[in-house]
Amino acid sequence: MPMWLQAGLWGLLGGSALLVGAATAWFASLSQRVVAAVMAIGSGVLISAVAFDLMDEAYREGGFDSTSIGFLGGGAIYTAANIYISRRGAKHRKRSGSNPKESQDSSGGSGLAIAVGALLDGIPESVVIGVSLLAGKGVSLVTVAAVFLSNVPEGLSSAAGMRKAGRSAAYVFGVWGAIAIISGLAALVGNVALQGASPEIIAATTAVAAGAILAMLADTMIPEAFETAHDYAGLITVAGFLAAFCLSKLAG
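Looking up the chain in an unreviewed UniProt entry gives the name ZIP family zinc transporter, with the organism given as Alsobacter soli.

Pasting the structure below:
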């Protein structure tokens with residue numbers, strides 16, 4: 001199977017978690033604590049992926065300069081874009097919707113902002129999935145698992161809000177299905193566009209995604225996990241980190 005096709009399919013798998021979350025919200029009802037636990041586990045896995053897969057790989061490829069510039073740039077770009085879309089209705093796109101005001105903000109006329117927010121979170125992650133195949137060692141399973149776990153609560157919370165706003169199933173699953181496909185395309189494009197690129201460019205790209213992911217964690221997932229499961233959020237996050245750390249070492 002061509003490498004670009006592998007990249008696209010792995011990116012699609014990570015993005016498909018949005019549909020899993022949306023289906024869960026549509027057909028079942030999960031407690032806030034369960035959603036928070038998923039977020040905490042996903043946060044731990046993503047932190048491990050940023051530290052041991054993305055930043056370490058970026059440093060080996062391009063050294064301190066490319067890695068530092070990309071990392072800070074990714075964080076800055078994500079923060080600026082997040083502020084912009086948060087002011088247009090996507091502030092609570094990773095919230096579980098228990099607060100009526102949050103549910104209202106994450107539904108109604110803000111569907112486009114929520115979709116843009118999901119793309120903002122997902123594109124850097126998907127690009128990293130595509131880039132991880134360029135080393136010739138296969139896809140980073142830790143990164144794919146982290147992306148999947150971070151997308152489930154996003155699809156769950158936003159779909160729940162859309163349902164409360166009276167959106168149809170076709171609308172909800174159409175939005176998240178389209179974003180899942182775009183995630184796959186982002187991984188494919190990242191793989192194709194960076195084939196043959198210099199180590200410094202690959203390092204900077206990987207570090208940009210790492211900075212954006214870490215900024216997303218600090219802005220959205222960790223605060224939400226702590227808000228609902230604050231007594232156990234730290235321990236659950238540690239468990240997620242350890243699991244991803246062990247997986248990265250065993251896979252390496």
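### Some points on the overall build of the chain
Across its full length, the chain carries 8 helices and 0 strands. Written out in order from the N terminus, the α and β elements of the chain read α-α-α-α-α-α-α-α. Out of the 252 residues in the chain, the part that is buried amounts to 49%. Counting only carbon and sulfur atoms, one obtains 69% of the accessible surface of the chain, whose full area is about 11,100 Å².

### Looking at the environment of F52
In this fold, F52 is placed in helix α2 (residues 32–90). Overall, the relative accessible area of 30% leaves F52 in the partly exposed class. Residues F52 and V142 lie 90 residues apart in sequence; the distance between their C-alpha atoms is 9.7 Å. Beyond its immediate chain neighbours, meaning those up to four positions away, F52 contacts F241 and F245.

### Quick notes on the nonpolar core
L46, V50, L54, Y78, I213 and M221 are the most contacted members of the largest nonpolar core, which has 27 residues in total. Every residue in contact with L46, bar those within four places of it in the chain, is listed here: E125, A146, V147, S150, I213, M216, L217 and M221. Counting 14 residues, the second-largest nonpolar core is a separate cluster that includes L18, A25, A159 and V172.

### Let's talk about helix α1 (residues 3–27)
A rise of 1.5 Å per residue sets the reference length of α1, with its 25 residues, at 36 Å; its end C-alpha atoms lie 36 Å apart and thus fit the reference within 8%. Taking the largest bend as the criterion, α1 deviates by roughly 25°, centred on G14. Three or more residues of α1 are buried, namely A7, G8, G11, G14, G15, A17, L18, G21, A22, A25 and W26.

### Points about the packing of aromatic side chains
Here the structure, examined in full by the defined rule, presents 5 aromatic pairs. Relative to F173, the ring of W26 lies with its centre 6.1 Å away and its plane at 70°, an arrangement referred to as edge-to-face. With W26 in helix α1 and F173 in helix α6 (residues 169–193), this residue pair connects regions lying 147 residues apart in the sequence. For W26, a relative accessible area of 16% gives the class buried. Classification of F173 by relative accessible area gives partly exposed; the value is 23%. Ring geometry for F52 against F241: centres 5.8 Å apart, planes inclined by 65°, an arrangement best described as edge-to-face. One end of the pair, F52, is in helix α2; the other, F241, is in helix α8 (residues 233–251), with 189 residues separating them in the sequence.

### Things to note about the side chain of S43
Position of S43 among the secondary structure elements: in helix α2. Residue S43 is classed as buried on the basis of its relative accessible area, which comes to 0%. Those residues in contact with S43, other than ones at most four positions away along the chain, are L217, M221, I222 and T237.

### Things to note about the pattern of salt bridges
Per the stated rule, a full pass over the model turns up 2 salt bridges. For the salt bridge of R60 with D56, the shortest nitrogen-to-oxygen distance reads 2.6 Å. Taken as a pair, R60 and D56 lie in helix α2 at a separation of 4 residues, close to a single helical turn. The class for D56 is partly exposed, based on a relative accessible area of 33%. Members of the salt-bridge network, linked through shared partners, are D56, E57 and R60.

### Topic: the environment of V131
Position of V131 among the secondary structure elements: in helix α4 (residues 111–132). Between the C-alpha atom of V131 and that of A7, which follows or precedes it by 124 residues, the distance is 8.1 Å. Once you skip the residues sitting within four places of it in the chain, V131 turns out to touch G190, L194, I202 and T206.

### Observations concerning α6
The terminal C-alpha atoms of α6 lie 35 Å apart, and with 25 residues this matches the ideal 36 Å at 1.5 Å per residue to within 8%. Looking only at α6, the buried set comprises V172, V175, W176, G177, I179, A180, S183, G184, A186, A187, G190 and N191.

Criteria and cut-off values
- Every residue gets a number counted from 1 within its own chain, in the order that chain's sequence is written.
- Reporting of local features is limited, given that this is a predicted model, to residues whose pLDDT is at least 70; pairs of side-chain atoms are given and counted only at 80 or more, and all residues count toward the totals for whole chains, interfaces and linings.
- Excluding hydrogens and water, the side-chain values take into account all heavy atoms of the structure.
- Strands are runs of DSSP state E lasting at least two residues, helices are runs of H or I lasting at least four, and both sets are numbered from the N terminus onward.
- Burial status follows relative accessibility: with a 1.4 Å probe on protein chains alone, a residue under 20% of its type maximum counts as buried, one over 50% as exposed, and anything between as partly exposed.
- Each accessible area is a Shrake-Rupley result for a 1.4 Å probe, and residues are judged covered by the shown protein chains and nothing else.
- The contact criterion used is simple: two residues touch if any of their non-hydrogen atoms lie within 4.5 Å.
- The criterion is simple. A nonpolar core is a set of buried Ala, Val, Leu, Ile, Met, Phe, Trp, Tyr and Cys residues joined through side-chain atoms within 4.5 Å.
- Multiply 1.5 Å by the residue count of a helix minus one, and that product is the helix's expected span.
- One fitted axis covers the seven residues ending at a residue, a second covers the seven starting there, and the bend at that residue is the angle between these axes.
- Aromatic contacts are taken between Phe, Tyr and Trp rings whose centres are within 6.5 Å, Trp giving its six-membered ring; a plane angle under 30 degrees counts as stacked, one over 60 as edge-to-face, and the others as tilted.
- What counts as a salt bridge is simple: a side-chain nitrogen of Lys or Arg found within 4 Å of a carboxyl oxygen of Asp or Glu.

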